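Single-letter residue listing:
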Amino acid sequence: MTDSSPRSSAPADQTAANTQGIKIVGFLCNWCSYGGADTAGVCRFKQPTDLRIVRIPCTGRMDPLFVAKSLIYGMDGVLVSGCHPRDCHYAVGNFYARRRMEALKLFLPFMGIDTRRFRYTWVSASEGQQWQKVVTEFSEEIHRLGPNPGVGPRSGENSKISNGLR
Amino acid sequence: MRIGVFVCNCGTNIAGTVDTKRVASEALSFADVVYATNYMYTCSEPGQQEIQRAIGEHGLQGVVVAACSPRMHEPTFRRAVEKAGLNRYMFEMANIREHVSWIGNDREANTQKAIDLVRMAVAKLRFNNPLFSSKMPVNKRLLVIGGGVAGIQAALDCADGGMDVVMVERKQYIGGKMAKLDKTFPTIDCSSCILGPKMVDVSQKENITLYAASEIESISGYIGNFTVQIRKKATYVNWEACTGCGLCTEKCPSKKAADYFNEGLGAARAINIPFPQAIPKKAAIDAQFCRQLNGKKCGVCAKVCPVQAVDFEMKDSIVTEQVGAIIVATGYDLFDHSAYGEYGAGRYPDVISGIQYERILSASGPYGGHIRRPSDGKEPKDIVFISCVGSRDASVGRPYCSGICCMYIAKQAILTRDHLPESNSYVFYMDIRSPGKNYDEFVRRAQEEYGVQYIRGRVGKIYPRGDRMVVQGADTLLGVQVEVEADLVVLATGVESSAGAGELAEKLRISYDQYGFYMESHPKLRPVETNTAGVYLAGACQGPKDIPSSVAQGSAAASKVQSLFAHDTIETNPQVALVNERTCISCGKCIQVCPFGAIQWKELRGGIKKAEVLPTVCQGCGVCNATCPPKAIQLQHATDNQILAEVNELCA
């Protein structure tokens with residue numbers, strides 16, 4: 001993969017022009033929330049276009065470092081969504097996720113990241129309307145916060161997420 | 001890698017708000033992309049041929065289709081690329097319909113988002129590896145949970161096909177709710193006459209093993225190889241010996257036991273056979289009411305039993321069965337009308353539920369089929385039926401329509417006129433829902449031929465006046481208040497999920513909706529499958545259903561099982577976790593977190609232990625992957641590299 005320069009660490013400025021290129025990544029479990037996002041689409045529930053969805057098998061697959069790395073390398077917001085507690089396709093994956101995400105929230109400030117840029121939620125495959133609400137609210141929140149100043153790597157280091165987590 | 005990108009217009013579904021041509025031309029600039037085009041309907045036959053042609057012509061090693069949701073057409077396209085000689089996992093989808101074109105109208109923003117999603121898909125694909133399924137044997141035995149009409153149908157269909165069937169029923173008899181019914185709509189067939197022979201078939205088929213008075217203790221394993229533990233509850237009667245002669249019931253001195261079969265209208269003996277046609281026709285003791293089991297001196301049944309079948313020391317026992325597929329047919333319960341204070345909250349003996357009235361109508365019921373009211377045994381003259389009790393009422397948490405009540409009220413009103421030609425029947429209804437074959441004609445017959453008075457409106461209050469009940473309600477068609485004095489009020493109680501449905505769902509690892517009904521895999525196209533492979537649904541456990549639909553679904557589930565069992569082996573899903581033994585640090589955390597017990601220790605030469613994944617047990621959730629400290633265990637097709645590659649493209 002080719003390297004490219006990191007996003008400029010511009011101060012959080014909330015002008016319209018600066019919020020144009022807002023990018024939010026969503027990690028959605030295949031069984032519930034990805035289906036919920038599909039349902040929202042099928043029902044034509046309009047949503048902001050800033051969100052880019054990554055499909056994962058289960059929120060239990062979520063390594064907290066996925067969130068941390070995304071935010072460090074310049075994503076403006078990260079949304080994680082899975083099945084409602086007790087409704088996990090794999091029985092307990094979302095319980096693991098919930099613990100990890102809660103722990104992660106405590107650590108984000110130490111990395112210089114505004115915890116409001118990260119949110120996790122539960123949306124089932126039938127809750128299209130709920131998904132629309134989640135996306136709309138979270139996008140509005142990130143737009144209020146403006147672009148992520150990022151804490152990207154110092155010059156000379158690899159500016160992209162290295163492949164793999166180590 | 002040589003990658004081809006195909007952007008679908010989906011008619012105007014996508015092309016309407018996304019510039020698909022631009023998406024395709026942008027895609028050409030991504031690393032490794034050698035071919036990109038847009039197409040009207042990529043999932044169509046010519047669309048798939050176009051992909052296959054391009055794979056051959058351009059020597060593609062991986063394919064990205066930007067179209068609808070992968071939950072929709074990923075299997076379609078995987079098959080298509082496989083036919084052209086690629087591995088089915090060298091394929092990725094970008095969802096630019098449900099997640100882009102259908103949720104926004106801004107063409108520029110949509111196009112940009114679609115380009116991003118394609119870029120992410122290409123980035124992931126560059127890390128894809130060909131994956132290969134292995135084969136594992138199928139145990140061609142079926143477990144049916146629930147012995148109602150749906151379960152019976154499924155079990156008989158499979159048994160007829162020559163398969164071994166294990167049936168587990170919670171109650172001491174099979175037949176479910178249908179066994180309690182007097183007649184069935186819209187043909188007024190005698191319920192036990194049409195169900196009885198099927199019940200007998202279940203008991204007589206040599207390849208059906210019936211566990212009545214039993215519940216599922218635990219389920220482990222996976223499609224083709226489930227291990228089921230069944231708890232046989234203590235009935236205090238050795239069923240191997242019991243001949244069903246009924247002598248024990250006759251002599252039992254405890255005469256006030258709850259009569260569950262007659263819905264509390266009569267009284268049963270502590271040791272009884274619930275009804276004459278019961279299958280299995282075996283006696284069981286209700287421990288709550290048995291004198292001997294409650295420390296009093298008795299034991300009469302043990303003395304009179306000609307075969308010494310009574311065993312007061314009996315305990316629950318656990319049996320283990322191996323099966324390859326499971327059909328869940330646990331049925332439903334009826335709403336408890338005590339939630340309705342305005343209908344007396346169950347305090348008035350002459351305000352009864354529909355199923356109680358059904359027992360009253362039944363010739364094997366508590367009154368021998370003569371219509372009498374429970375309070376004083378008088379023949380009622382005026383009977384009021386009230387529909388939607390616990391249906392279509394959000395205030396009691398039941399906003400859904402139960403679907404069967406309109407019909408069973410019409411049936412009961414018709415039967416009432418048949419039994420008591422001089423009686424008057426009134427039906428208070430919200431709407432009449434009669435969409436089945438010959439259903440609406442049936443309701444019309446009730447109204448026109450049988451003179452049942454239908455009043456459109458809700459009942460506000462029921463209260464006693466003398467020995468009769470006053471029903472106050474509104475007639476919303478005439479816009480007036482109405483008051484009917486009745487001898488008997490029948491509440492059409494709605495359908496709710498079976499007690500314990502949630503716990504069973506957790507044992508089966510299937511999902512259920514907010515009302516406790518089991519969720520099918522797809523509401524239209526996969527109505528009997530669940531999201532757990534090898535577990536199928538039949539009957540009202542999936543949602544309120546009448547008998548024809550339950551039977552149809554029982555047969556449908558059976559046909560799914562038969563098509564599974566038509567193969568000696570099934571292909572495993574290769575999207576499972578894989579351990580890199582060189583980087584595994586033998587911490588054992590993955591073994592602890594795996595919800596399926598799919599990871600175990602493997603001893604290498606020199607006694608070193610490493611984690612090992614059992615690919616047939618692994619379900620591919622990836623909890624282990626996120627847990628592993630050195631990331632030595634990787635979920636194939638969703639590795640850290642693949643997920644981060646997608647994010648990476650956005651950060652760039």
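Computed from a prediction, not measured in an experiment: that's the story for all the values here.

### Considerations on the overall build of chain A
Phase 1 of the analysis: Of regular secondary structure, chain A possesses five helices and four strands.
Phase 2 of the analysis: Ordering the α and β elements of chain A from the N terminus gives α-β-α-β-α-β-α-β-α.
Phase 3 of the analysis: Considering only intrachain contacts with a sequence separation of at least 6, the fraction spanning at least 24 residues in chain A is 85%.

### Overview of the overall build of chain B
Phase 1 of the analysis: For chain B, the helix and strand inventory stands at 17 helices and 34 strands.
Phase 2 of the analysis: In terms of principal-axis extent, the alpha carbons of chain B reach across some 85 × 70 × 40 Å.
Phase 3 of the analysis: In chain B, buried positions account for 51% of the 652 residues.
Phase 4 of the analysis: Expressed as a percentage of contacts within chain B between residues at least 6 apart in sequence, the contacts between residues at least 24 apart total 69%.

### Remarks on the nonpolar core
Phase 1 of the analysis: In terms of nonpolar packing, the biggest core is built from 130 residues, with A155, I327 and V489 of chain B touching the most fellow members.
Phase 2 of the analysis: Here this core takes nine residues from helix α11 (residues 405–419) of chain B, the largest share from any one element.
Phase 3 of the analysis: Listed in part, the 114 residues of the second largest apolar core include M75, A97 and Y120 of chain A together with I633 of chain B.

### Here's the deal with the domain arrangement of chain B
Phase 1 of the analysis: Taken domain by domain, chain B consists of domain 1 (3–125), domain 2 (141–231 + 316–330 + 535–565), domain 3 (247–304), domain 4 (333–496) and domain 5 (577–636).
Phase 2 of the analysis: The C-alpha-based centres of domain 4 of chain B and domain 5 of chain B are spaced at 60 Å.

### Notes on unusual backbone geometry
If a residue is not glycine, its phi is most likely negative; likewise, a peptide bond is most likely trans.
Residues and elements named next belong to chain B.
Phase 1 of the analysis: Omega for the bond connecting F185 with P186 falls within 30 degrees of zero, at -5°, which places this linkage in the cis form.
Phase 2 of the analysis: Looking at the secondary structure, you find P186 in the loop between β8 (183–184) and β9 (189–190).
Phase 3 of the analysis: Located in the positive-phi region is E263, a residue other than glycine, with phi close to 55°.
Phase 4 of the analysis: Looking at the secondary structure, you find E263 in the loop between β13 (257–258) and β14 (267–268).
Phase 5 of the analysis: Residues other than glycine seldom take positive phi values, yet S586 does so here, at roughly 60°.

### Examining the sheet that holds strand β17 (residues 317–323) of chain B
All names here are of chain B.
Phase 1 of the analysis: Taking strand neighbours across the sheet as the criterion, the three strands line up as β11-β12-β17 in an open arrangement whose pairing is antiparallel. Among the strands making up the open sheet, the edge pair consists of β11 (214–222) and β17. On average, adjacent strands in this sheet sit at an angle of 20° to one another, irrespective of strand direction.
Phase 2 of the analysis: With eight bridges connecting them, β11 and strand β12 (residues 225–232) associate as antiparallel partners.

### Some points on the sheet that holds strand β26 (residues 480–486) of chain B
Residues and elements named next belong to chain B.
Phase 1 of the analysis: The antiparallel open sheet is built from three strands, whose spatial order is β24-β25-β26. Two strands close off the open sheet at either side, each with one partner strand: β24 (459–465) and β26. Looking at each pair of strands side by side, their axes are set apart by 20° on average, direction ignored.
Phase 2 of the analysis: Here β24 runs beside strand β25 (residues 468–475); their pairing, made up of six bridges, is antiparallel. Looking at the pairing, V459 lines up with G473 of β25.

### Quick notes on the interface of chain A and chain B
Phase 1 of the analysis: Contact with chain A, which involves 46 residues of that partner, is made by 42 residues of chain B.
Phase 2 of the analysis: Elements supplying a minimum of two residues to the side of chain A that touches chain B: α2 (33–42), β2 (51–56), α3 (64–72) and α4 (93–107) of chain A.
Phase 3 of the analysis: When residues of the side of chain A that touches chain B are assigned to their parent elements, the largest contribution, seven residues, is made by α2 of chain A.
Phase 4 of the analysis: When the residues that make up the side of chain A that touches chain B are grouped by side-chain class, the tally is 22 nonpolar, 12 polar and 12 charged.

### Let's talk about the confidence of the model for chain B
Phase 1 of the analysis: On average, residues of chain B score 92 in pLDDT, and 100% of them reach the 70 mark or higher.
Phase 2 of the analysis: For this predicted complex, the interface score ipTM comes out at 0.86, alongside a pTM of 0.76.

### Structural notes on the packing of helix α6 (residues 149–160) of chain B against helix α14 (residues 547–565) of chain B
Residue and element names in this part refer to chain B.
Phase 1 of the analysis: Contact geometry for α6 and α14: axes closest at 8 Å, N-to-C directions at 35°. Every pair of crossing elements has a handedness; the one defined by α6 and α14 is right-handed. Between α6 and α14, the residues in contact are V149, A150, G151, Q153, A154, D157 and C158 and I547, S550, V551, Q553, G554, S555, A557, A558, V561 and Q562, respectively.
Phase 2 of the analysis: Across the contact of α6 with α14, the residue classes tally to nine nonpolar, seven polar and one charged.

### Here's the deal with the confidence of the model for chain A
Residue and element names in this part refer to chain A.
Phase 1 of the analysis: Chain-level statistics for chain A give a pLDDT mean of 82 and a share of 78% at 70 or above.
Phase 2 of the analysis: Every residue in residues 1–18 scores below 50 in pLDDT, and together they form 30 contacts with partners more than four places removed in sequence or on other chains.
Phase 3 of the analysis: Ignoring residues within four places in sequence, the model shows residues 154–159, a span with pLDDT below 50, making eight contacts including any to other chains.

### As for the pairing of strand β7 (residues 164–168) of chain B
Residue and element names in this part refer to chain B.
Phase 1 of the analysis: Of all five residues making up β7, four are buried, and the element is well covered by its neighbours.
Phase 2 of the analysis: Looking at chain direction, strand β6 (residues 141–145) and β7 are connected through five bridges and run parallel. Residue L143 lies in a different strand from β7, and its bridge partner there is V166.
Phase 3 of the analysis: In terms of strand pairing, β7 meets strand β10 (residues 208–211) through four bridges, oriented parallel. From the neighbouring strand, M167 faces β10, where its bridge partner is L210.

### Comments concerning α2 of chain A
Phase 1 of the analysis: In terms of burial, α2 of chain A is largely enclosed, as nine of its 10 residues are buried.
Phase 2 of the analysis: Residues of α2 of chain A that are buried include every one of S33, Y34, G35, G36, A37, D38, T39, A40 and G41 of chain A, and no others.
Phase 3 of the analysis: If you follow the buried residues of α2 of chain A, they end up packed against β1 (24–29), β2, β3 (77–82) and α5 (128–145) of chain A together with α3 (70–83) and α4 (97–101) of chain B.
Phase 4 of the analysis: One or two steps after α2 of chain A, the chain reaches R44 of chain A, where phi turns positive at roughly 60°.

### Some thoughts on the environment of A611 of chain B
Residues and elements named next belong to chain B.
Phase 1 of the analysis: Counting through the fold element by element, A611 comes out in strand β33 (residues 609–613).
Phase 2 of the analysis: Distance in space between the C-alpha atoms of A611 and Q292 is 55 Å, their sequence separation being 319 residues.
Phase 3 of the analysis: Those residues in contact with A611 that lie beyond four places of it in its chain are V579, C584, C590, I591, I599, W601 and I633.

### Regarding helix α17 (residues 640–651) of chain B
Each turn of an α-helix holds 3.6 residues, which means side chains three or four residues apart point in the same direction.
Phase 1 of the analysis: The terminal C-alpha atoms of α17 of chain B lie 16 Å apart, and with 12 residues this matches the ideal 16 Å at 1.5 Å per residue to within 8%.
Phase 2 of the analysis: A large share of α17 of chain B lies buried, amounting to 11 of its 12 residues.
Phase 3 of the analysis: For α17 of chain B, every residue scored as buried is listed here: D640, Q642, I643, L644, A645, E646, V647, N648, E649, L650 and C651 of chain B.
Phase 4 of the analysis: Lining the buried residues of α17 of chain B we find β1, β2 and α3 of chain A together with α5 (107–125) and β34 (633–635) of chain B.

### Some thoughts on the environment of S434 of chain B
Residues and elements named next belong to chain B.
Phase 1 of the analysis: For S434, the location among the structural elements is in the loop between β22 (424–429) and α12 (439–448).
Phase 2 of the analysis: By the C-beta count within 10 Å, which is 18 here, S434 ends up partly exposed.
Phase 3 of the analysis: Between the C-alpha atom of S434 and that of C405, which follows or precedes it by 29 residues, the distance is 9.6 Å.
Phase 4 of the analysis: If we skip the residues at most four places from it in the chain, S434 touches C406, M407, Y439, D440 and V443.

### With respect to the pairing of strand β18 (residues 325–328) of chain B
All names here are of chain B.
Phase 1 of the analysis: Neither face of β18 is open: one carries A325 and I327, the other I326 and V328, and all of them are buried.
Phase 2 of the analysis: Where β6 meets β18, four bridges bridge the pair, whose relative direction is parallel. Considered in β18, the bridge of L143 is made with I326.
Phase 3 of the analysis: Sheet topology places β18 next to strand β29 (residues 535–537); three bridges connect them, and they run parallel.

Rules used throughout
- Residues numbered from 1 in each chain as written.
- Chains lettered and ligands numbered in written order.
- Predicted model: local features only at pLDDT ≥ 70, side-chain atom pairs only at ≥ 80, totals over all residues.
- Helix = DSSP H or I, 4+ residues; strand = E, 2+ residues; numbered from the N terminus.
- Contact = placed C-beta atoms within 7 Å.
- Buried ≥ 20, exposed ≤ 12 C-beta atoms within 10 Å, placed from the backbone.
- Core = buried A, V, L, I, M, F, W, Y, C linked by C-beta atoms within 7 Å.
- Domains from an automatic or database assignment.
- Pairing = 2+ DSSP bridges.
- Axes fitted to C-alpha atoms, helices over the stretch in contact; angles between N-to-C directions.
- Nonpolar A, V, L, I, M, F, W, Y, C, P; charged D, E, K, R; others polar.
- pLDDT = per-residue confidence, 0-100.
- Left-handed = near helix turned anticlockwise from the far one by under 90°.
- Expected span 1.5 Å × (residues − 1).

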